[in-house]
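Next come the chains, spelled out residue by residue.
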Amino acid sequence: MTPRPVITTDELDPTDAKRPRWRRPRVRLGRWSAPLGIAGALVAVVWILVAIFAPIIEPHDPLAQNLAILQPPGQGTLLGTDELGRDVLSRVLSGARVTIPLSLLLVVLSVLIGAVIGAVAGFFGGWVDELMMRITDLVMAFPTVILAMVIAASLGASLLNAVLAALIVSWPSYARLTRGLVLGLRSSNYVISGRLLGFSPLRSLWRDIAPNILGPILVLASLDIGTAILLLSGLSFLGLGAKPPTAEWGSMVADAVQNFDAWWLGVFPGLAILSIVVAFNFVGDALRDALDPKANTLRRGGPTL
Amino acid sequence: MTGTAPVLRADDLVVEYRGRPPLRAVDGVSLAIGPGEVVALVGESGCGKSSLARAVIGIEKRAGGTVLLGEASVPVLGLRRRTPQMTAMQMVFQDPDSSLNPRRRVGEQITDGVRAALARGLAGSDPADWLDRVGLDPETVNRYAYEFSGGQKQRIAIARALAARPRLLVADEPISALDASTQTSVAALMRSLSVEAGAGMLFISHDLSVVRRIADRTLVMYRGRIVESGHTETIWADPIHPYTRALLAAIPIPDGAGNLPVAPLEEDRATWTIELPDALERTAA
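Residues numbered from 1 in each chain as written. Chains lettered and ligands numbered in written order. Predicted model: local features only at pLDDT ≥ 70, side-chain atom pairs only at ≥ 80, totals over all residues.

Novice: Lay out the overall build of chain B with the relevant residues and their values.
Specialist: In terms of regular secondary structure, chain B is built from 9 helices and 10 strands. Expected size for 285 residues packed as a compact globule is a radius of gyration near 19 Å; at 19 Å, chain B falls within 12% of this value. Each principal axis of the C-alpha distribution contributes one length, and for chain B these read about 55 × 45 × 40 Å. A buried classification covers 48% of the 285 residues belonging to chain B. (Helix = DSSP H or I, 4+ residues; strand = E, 2+ residues; numbered from the N terminus. Rg over C-alpha atoms; globule rule 2.2 N^0.38 Å. Buried ≥ 20, exposed ≤ 12 C-beta atoms within 10 Å, placed from the backbone.)

See below:
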């Protein structure tokens, strides 16, 4: 009789970080999502290059009304012309210059504001935490798009006001995430060790906590770029953002609504929005898998969160 | 303890946790640790050992009592930054995996300790030297914590604490998470390095055989109180308090006779809370 294999309890414990068998499914997941992530990154890079070089690669002036009106695609111009005789392709390319930098700016500012507020709330606790989290709750209690519309409308229609409105509604999710992460790490042994060695709260946040919570925040930010683009072009679609004659995807789609026969007016800026939002979402998903705190724990053998 | 002034003195320390009724984890404990002295704190799980250690160093709120490091009162670690003076008190934790920042090089983290020593006007030191002294390759200063085993991580945590040139080292079950062969060597290392540095050490453990080997004095704790204390060998050879006896009787003896320790009975437990003044402050025989 052969001896029965002995199964120890720690082989059965899925939380045990040292068991290599739990590493495998995670890595496989990462491999699956990597091609999409790379494809997304490529599309995003192409759009960013377009945004940079739009004035060079545009076949026509996106604002000049000097072509035959409502030409379908392929007849003189690649993507047709609009009701004022402007080249749709040039306007779509030019639209990247508006949407991409503004949405990146929006996300960067949201992360900065949200992370600072969340980190302060999480680290200091007490009434500071209460106050900041109640403000966060207050903002989050409103439907994002509707609140952004109200703010944008009261500020007056302009692209910068649309960014400001979007900023006011988008920082709370970062504040919440950061607060939770900081709260979790604040009482961890290495943070306490640092404090016992004389770290000030600021130094502790910067040296011991920030590097260990950056991953999840970056993932949320990368997933949020798509949302930011949608929100900004949505506000423009509603007439609360870009003003004519600026070539902006959301307002181009809005213009197309008045001219349903000319399908190319709405479809191409719509595709532009679709492609870039999907691309950034793929990048975000891949980043999430790559920076997954749990997968990280397995790979590095140490809890980072 | 000889005539020298203690590095640490705690009087009538009380730690309570909220609840109904509140849980009194540490119930009026006093202790003093001299320079270069290793004091062990033993007792069963939940007896308040860790609460006491954390209250001493100031990471647990105290419901009563005072703690003095030298002459200065030890504040509870809040939002305020620790004064350089208070960095003379360092701690080594039970879990080596969470003791080191996973995103910073181990050399950098030991440098934090060196800086704390410099801030108190003491001599600086090289992080690589510290790695060498705790038995690790000095070339590994640029590695990250995940590249080391649990025992090695604990050695790095010890190096970081000692690099601050502490007057008192609090070690909260520093060897419990390590395997048997590493436990003894890490415990011996902690003793030799702290004695060499002239630092007092409060060493918490439930491993009595290790305690016997490294502690000058032992405090036996049961239900938040010190039931027996004094010279380690005296307690070991002649335990007076029934709880100490039970604790020592629970150690299996590898004499080949195959006698396993017998679990204590309920009526035995009832006797463990009695106070025996003779069992306190026992001196060397």
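Alright, that's what it looks like, and here's the rest.
Novice: Tell me what's going on with the interface of chain A and chain B, and back it up with residues and numbers.
Specialist: Contact residues are listed per partner, giving 22 residues for chain A and 28 residues for chain B. Elements supplying a minimum of two residues to the side of chain A that touches chain B: helix H7 (189-196) and helix H8 (201-237) of chain A. No other element matches H7(A), which puts 7 residues into the side of chain A that touches chain B. For the side of chain A that touches chain B, the class distribution of residues is 9 nonpolar, 10 polar and 3 charged. (Contact = placed C-beta atoms within 7 Å. Nonpolar A, V, L, I, M, F, W, Y, C, P; charged D, E, K, R; others polar.)

Novice: For the sheet that holds strand E9 (residues 217-222) of chain B, give the residues involved together with the corresponding values.
Specialist: Residues and elements named next belong to chain B. The sheet built from 6 strands is open, its strands ordered E6-E7-E8-E3-E9-E10 with mixed pairing. Each edge of the sheet is formed by a strand with only one pairing partner; in this case those strands are strand E6 (89-92) and strand E10 (225-231). On average, each strand axis in the sheet is tilted by 15° relative to the strand beside it, whichever way the strands run. (Pairing = 2+ DSSP bridges. Axes fitted to C-alpha atoms, helices over the stretch in contact; angles between N-to-C directions.)

Novice: Quick one: what's the story with the pairing of strand E2 (residues 23-33) of chain B, residue by residue and with numbers?
Specialist: Residue and element names in this part refer to chain B. The pairing of strand E1 (residues 8-17) with E2 spans 8 bridges and is antiparallel. In the strand pairing of E2, Val 14 is matched with Asp 27. The hairpin turn running from E1 into E2, its antiparallel successor, is 5 residues long, and Gly 19 in that turn takes a positive phi close to 160°.

Novice: Account for the nonpolar core, with residues named and values stated.
Specialist: Judged by nonpolar contacts, the single largest core of 157 residues is most densely connected at Val39(B) and Leu202(B). No other element matches the 16 residues that helix H3 (residues 88-124) of chain A contributes to this core. Those residues within four positions of Val39(B) in sequence are excluded, and the remaining contacts are Leu31(B), Ile33(B), Met201(B), Leu202(B), Phe203(B), Ala215(B), Asp216(B), Arg217(B) and Leu219(B). (Core = buried A, V, L, I, M, F, W, Y, C linked by C-beta atoms within 7 Å.)

Novice: Account for the packing of helix H4 (residues 150-163) of chain B against helix H5 (residues 180-197) of chain B, with residues named and values stated.
Specialist: Residue and element names in this part refer to chain B. The interhelical angle for the contact between H4 and H5, taken along N-to-C directions, is 10°, at an axis separation of 11 Å. Overall, the two elements H4 and H5 adopt an arrangement that is roughly parallel. Contact residues: Gly 151, Gln 154, Arg 155, Ile 158 and Leu 162 in H4; Thr 182, Val 186, Leu 189, Met 190, Leu 193 and Ala 197 in H5. (Parallel < 35°, antiparallel > 145°, perpendicular 65-115°, else oblique.)

Novice: How would you summarise H4(B) if you had to cite specific residues and measurements?
Specialist: Residue and element names in this part refer to chain B. With 14 residues, H4 should cover 20 Å at 1.5 Å per step; its first-to-last C-alpha distance of 20 Å lies within 8% of that length. Burial analysis of H4 places 13 of its 14 residues in the buried class, which makes it a mostly covered element. At the exit of H4 stands Arg 165, carrying a positive phi of roughly 50°. (Expected span 1.5 Å × (residues − 1).)

Novice: Would you mind going over the sheet that holds strand E4 (residues 64-69) of chain B in detail, with residue names and values included?
Specialist: Picture the strands of a sheet paired through backbone hydrogen bonds; they go either parallel or antiparallel. All names here are of chain B. Spatially, 4 strands are ordered E2-E1-E4-E5 in an open sheet, and the strand pairing comes out antiparallel. Taken across any chain shown, the strands that pair with only one partner, and hence form the sheet edges, are E2 and strand E5 (72-73). Pairing between E1 and E4: 5 bridges, direction antiparallel. Opposite Val 14, over in E4, you have Gly 64 as the bridge partner.

Novice: Can you explain the environment of Gly230(B)? Please cite residues and give values.
Specialist: Residues and elements named next belong to chain B. Relative to the helices and strands, Gly 230 is located in strand E10. In this structure the C-alpha to C-alpha distance between Gly 230 and Ala 159, which are 71 residues apart in sequence, comes to 29 Å. Contacts of Gly 230, omitting those with residues within four sequence positions, involve Arg 217, Ile 235, Glu 281, Arg 282 and Thr 283.

Novice: Which residues make up the confidence of the model for chain B, and what values go with them?
Specialist: Mean pLDDT over chain B stands at 89; residues scoring 70 or higher make up 99%. The complex model carries a pTM of 0.80, and its ipTM stands at 0.90. (pLDDT = per-residue confidence, 0-100.)

Novice: Talk me through the environment of Gly180(A); I want residue IDs and the actual numbers.
Specialist: Residue and element names in this part refer to chain A. Locating Gly 180 in the fold gives a position in helix H6 (residues 159-186). With 16 C-beta atoms counted inside 10 Å, the residue Gly 180 sits in the partly exposed group. With 43 residues separating them along the chain, Gly 180 and Leu 223 place their C-alpha atoms 19 Å apart.

Novice: Which residues make up unusual backbone geometry, and what are the values?
Specialist: Pro244(A) connects to Pro245(A) through a cis peptide bond whose omega is 10°. Among the secondary structure elements, Pro245(A) is positioned in the loop between H8 and helix H9 (249-257). At the junction of Arg20(B) and Pro21(B), the peptide bond is cis and its omega measures out at -5° in the coordinates. Within the element layout of this structure, Pro21(B) appears in the loop between E1 and E2.

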